[in-house]
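# Residue-level structure breakdown
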Amino acid sequence: MRDTNFSDNRSNDNRLTDDRSIENDAAPTTRGKSAQADSWRKPAMANPTSDEKTRILLIDDEPNILRTFRFCLEDVGHRVTTASDAAQAEEIVQSDVFDLCFLDLRLGETSGLDLLPKLRQYAPWMRVIIVTAHSSIDSALDAIRAGAADYLVKPCSPEQLRMAATKQIRARRLEQRLETLEREDCSSSSAELDSESPAMKKVLDTLRAVADTDATVLILGDSGSGKGVAAKTIHHCSPRSKENFVTVNCPSLSAELLESELFGHKKGAFTGATENKLGRVDQAEGGTLFLDEVGDVPLVLQPKLLRFIQDREYERVGDPITRHANVRIIAATNRDLTEMVKQNTFREDLLYRLNVITIVMPPLRERPEDLAMLAERFLLRYAANYRRPARGFSKAALDAIQSYPWPGNIRELQNVIERAVILCAAEQIDVDLLSISESADRRSRPRIGDSLSLEELERSHIRGVMANASSLDHAAKTLGIDVSTLYRKRKQYGL
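Everything in this summary refers to the structure shown in the same document. (Residues numbered from 1 in each chain as written. Predicted model: local features only at pLDDT ≥ 70, side-chain atom pairs only at ≥ 80, totals over all residues. Heavy atoms only, no water.)

## Looking at the sheet that holds strand 16 (residues 357-360)
Here is the rule: At least two bridges found by DSSP between two strands is the condition for calling them paired. Starting at the N terminus, helices and strands are each numbered in turn, a helix being any DSSP run of H or I of at least four residues and a strand any DSSP run of E of at least two. Think of each axis as a best-fit line through the C-alpha atoms, taken over the contacting stretch in the case of a helix, with angles from 0 to 180 degrees between the N-to-C directions. Here, residues are in contact when the closest pair of their heavy atoms is within 4.5 Å.
Read across the open sheet, the five strands follow the order 9-12-15-8-16; overall the sheet is parallel. Each edge of the open sheet carries a strand with a single partner, namely strand 9 (245-249) and strand 16. Sheet twist, expressed as the average angle between the axes of neighbouring strands with direction ignored, equals 20°. Bridge count between strand 8 (residues 217-220) and strand 16: four bridges; the pairing is parallel. Within the sheet, the bridge partner assigned to V217 lies in strand 16 and is I357. Lying on the sheet, helix 7 (residues 198-211) is in contact with strand 8, strand 15 (328-333) and strand 16; it crosses strand 16 at an angle near 150°.

Spelled out as structure tokens, the structure:
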């Protein structure tokens, strides 16, 4: 039998009127499976929320309306609690958790608009539907502006009531799913940095400590050591996680193009500027701006970057209007900025602005206890991605992984494992599938007297010393050169 509309023509006594009166016999009675009771039943159909009961709070000072609404919602599996005045509603919301609330606009002498901010304060996640009469539509729109999710106009049918509830419940479930994904994203990002190494544990402690602040963070470390992952971890675990994480790759562009990429430009600002363009700063509004390899920012652009970091103010290229950005700044580099300051290739005041919080990522060679764990994690990931049978490593493969110096750090380890997984046709990856096998490693380390250039010999020697050194200072001392020279050599040889 079809649903009976609250506003159909059965009789005036059976209607939910706009001025809140409803007769007792409008609600179903306990007369058995009468035609009237059947008319309130929801037709057989898929219920999108039946897998998990939703908690709904009804707030109205009319007992008949509470009873009628409650029956309609409970009949499709929702758990319903009622409140007949504002004070009772406040007490209930503070002691229990609800997904959805139907709030009548008029609660005797109290206005639902006065109660709405308190409900939002006590339960910001709870979605609120304002129930109003035709004559109060303007007030309902005021409630939407004050934070209500929707409004329902009386008189309404049971189906309209259920549809309004279903719409908001779906929205609430989506919010919960997004919150779960964000937590998983944060956990996943942090998992990339999981470690048994004391140095990495210290890094993780610092990441967690700074995540919920807006402090500028400078991340230092060798190429491939996880600086980008650390930056994303800070963002995903911060209050800004719902907004964008935007990366600017500083070495990839000239000073002119980098300025446009960073701040945007106005149409006609330069040759080829055929339209207005938003910069990465605009894209990161409310979120995080990650300046990757900030040590490569051209000197001519550094004053503008300094001003932006200091005041969060900037102008688009060719546009005199000063704009303000609400972004968090994280920067990273594999260069020695202190040495660059001495060489007048990096501004000292910019360095001071960047290194409010400094995090140093240890190279993978200083984390030998993490190698097996990381290798197995990458193996499982790529085996799933490429649908390959590999599930582990042979002892020889693990020994090779443990003994290799990994000059490319985590990025190199990922690439090596990905290649091995793709080529592996068995459940175990053997040493011959690793591009860092013992024989390959010997070939990569020339000996004195071999037929090769002094440059090749120097590159190999520096790489070997760095692999066995505890730090760059230690390696520079072993080589008999200063740290700045070692940095230049690393850059020259791509180490």
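Picking up where we left off.
## Some thoughts on a nonpolar patch on the surface
Where we set the bar: Note that patches include only residues with greater than 30% relative accessible area and no salt bridge, and the join distances are 9 Å for like charges and 5 Å for nonpolar side chains (Val, Leu, Ile, Met, Phe, Trp, Tyr). What sets the accessible areas is the Shrake-Rupley method with a 1.4 Å probe; for residues, cover comes only from the shown protein chains. Salt bridges are defined as contacts in which a side-chain nitrogen from Lys or Arg sits within 4 Å of a carboxyl oxygen from Asp or Glu. Classification of residues uses two cut-offs on accessible area relative to the type maximum, computed with a 1.4 Å probe and protein chains only: under 20% is buried, over 50% is exposed, and between them is partly exposed.
A contiguous nonpolar patch, built from Y386, I422 and L423 and spanning about 240 Å² of accessible area, is present on the exposed surface. As for its placement among the helices and strands, L423 is situated in helix 16 (residues 409-423). The exposure class assigned to L423 is partly exposed, which follows from its relative accessible area of 48%.

## Let's talk about helix 14 (residues 371-386)
Rules: Residue count minus one, scaled by 1.5 Å, sets the expected span of a helix. Note that the arc is computed from the directions linking the helix axis to the C-beta atoms.
Counted at 1.5 Å a residue, the expected span for helix 14 with its 16 residues is 22 Å, and the 22 Å between its end C-alpha atoms agrees. Restricting attention to buried positions, one finds in helix 14 the residues L371, L374, A375, F378, L379, Y382 and A383. Seen end-on, helix 14 carries its buried residues on one side only, within an arc spanning 160°. In helix 14, the exposed residues that point more than 90 degrees away from the buried face are L380 and A384. R387, located one to two residues past helix 14, shows a positive phi value of around 55°.

## A look at the nonpolar core
To be explicit about the condition: Buried Ala, Val, Leu, Ile, Met, Phe, Trp, Tyr and Cys residues form a nonpolar core when they are joined through side-chain atoms within 4.5 Å.
The biggest cluster of nonpolar side chains holds 30 residues, and the ones touching the most others in it are L289, L291 and F308. Sort the elements by how many residues they give to this core and helix 11 (residues 302-311) lands first, with four residues. When residues no more than four places from it in sequence are discounted, the contact partners of L289 are V246, V248, L262, R280, V281, A284, F308, R328, I329 and I330. Among the nonpolar cores identified, the runner-up in size contains 26 residues, and L371, Y382, A390 and A397 belong to it.

## Structural notes on the pattern of salt bridges
If you walk through the whole model with that rule in mind, you get 24 salt bridges. Here D150 and K167 are joined by a salt bridge, their closest N and O atoms 3.8 Å apart. Residue D150 is found in strand 7 (residues 150-154), and its partner K167 is found in helix 6 (residues 158-191); the two are separated by 17 residues along the sequence. Ionic pairing is found between K395 and D399, a salt bridge with its closest N-O pair at 3.0 Å.

## Here's the deal with the sheet that holds strand 6 (residues 127-133)
Strands sit in the order 2-1-3-6-7 across an open sheet of five strands; the sheet is parallel. The open sheet terminates on both sides in strands that have one partner only, identified here as strand 2 (79-83) and strand 7. On average, adjacent strands in this sheet sit at an angle of 20° to one another, irrespective of strand direction. Relative to strand 7, strand 6 is paired through five bridges, and the arrangement is parallel. Counted as the bridge partner of I130 is Y151 from strand 7.

## Section: the environment of I330
When you line up the elements, I330 lands in strand 15. Relative accessible area serves as the criterion here: at 0%, I330 is assigned to the buried category. Between the alpha carbons of I330 and A230 there is a distance of 9.8 Å; along the sequence they are 100 residues apart. Those residues in contact with I330 that sit more than four places away from it in its chain are V217, I219, A231, I234, T288, L289, F290 and L291.

## Description of the environment of A255
For A255, the position within the fold is in helix 9 (residues 255-263). Given a relative accessible area of 14%, A255 falls into the buried group. Residues A255 and L299, 44 residues apart in the sequence, show an inter-C-alpha distance of 8.5 Å. Each residue touching A255, except ones within four places of it in the same chain, is listed here: P298, V300 and L301.

## Examining unusual backbone geometry
Cis geometry marks the peptide bond from K154 to P155, where omega comes out at 0°. Of note, the phi angle at N344 is positive, near 60°, even though the residue is not glycine. Unusually for a residue other than glycine, N409 sits at a positive phi of about 60°. Tracing the backbone through its elements, the reader meets N409 in helix 16. Accessibility expressed as a relative area gives 0% for N409, which makes it buried.

## Digging into the packing of aromatic side chains
Going by this rule: Here a pair means two rings of Phe, Tyr or Trp (six-membered ring of Trp) with centres within 6.5 Å. Their orientation is stacked below 30 degrees between planes, edge-to-face above 60, and tilted elsewhere.
With the rule as written, the count across this model stands at seven aromatic pairs. Measuring from centroid to centroid gives 6.3 Å for F69 and F102, while their planes differ by 80°, and the two rings are edge-to-face. Residue F69 is located in helix 2 (residues 63-74), and its partner F102 is located in strand 3 (residues 100-104); the two are separated by 33 residues in the primary sequence. Each member of the pair, F69 as well as F102, carries the same accessibility label: buried. Consider the rings of Y404 and W406, whose centres lie 4.7 Å apart with planes at 85°: the pair is edge-to-face. Grouping residues by exposure puts Y404 and W406 together as buried. Chaining the aromatic ring pairs together yields one cluster made of F263, F308 and Y314.

## Overview of the layout of surface pockets
Which entries qualify depends on this criterion: With a 1 Å grid spanning the protein atoms alone, the term cavity applies to any set of points in which a 1.4 Å probe fits but cannot get out, the term pocket to an open set with protein on both sides within 12 Å along at least five of seven lines, and the term lining residue to any residue with an atom within 4 Å of a point. Grid points are joined across faces, edges and corners, and a volume is the space filled by probe spheres set on the points. Three classes are used, and their members are as follows: Ala, Val, Leu, Ile, Met, Phe, Trp, Tyr, Cys and Pro are nonpolar, Asp, Glu, Lys and Arg are charged, and the others, Gly among them, are polar.
The space that makes up the largest pocket amounts to roughly 470 Å³. Taken together, 26 residues form the lining of the largest pocket, with L220, G221, V360, L472 and Y487 sitting closest to its centre. For the lining of the largest pocket, the secondary structure elements donating two or more residues are strand 8, helix 12 (337-342), strand 16, helix 19 (472-479) and helix 20 (483-493). Broken down by class, the residue content of the lining of the largest pocket amounts to 11 nonpolar, eight polar and seven charged.

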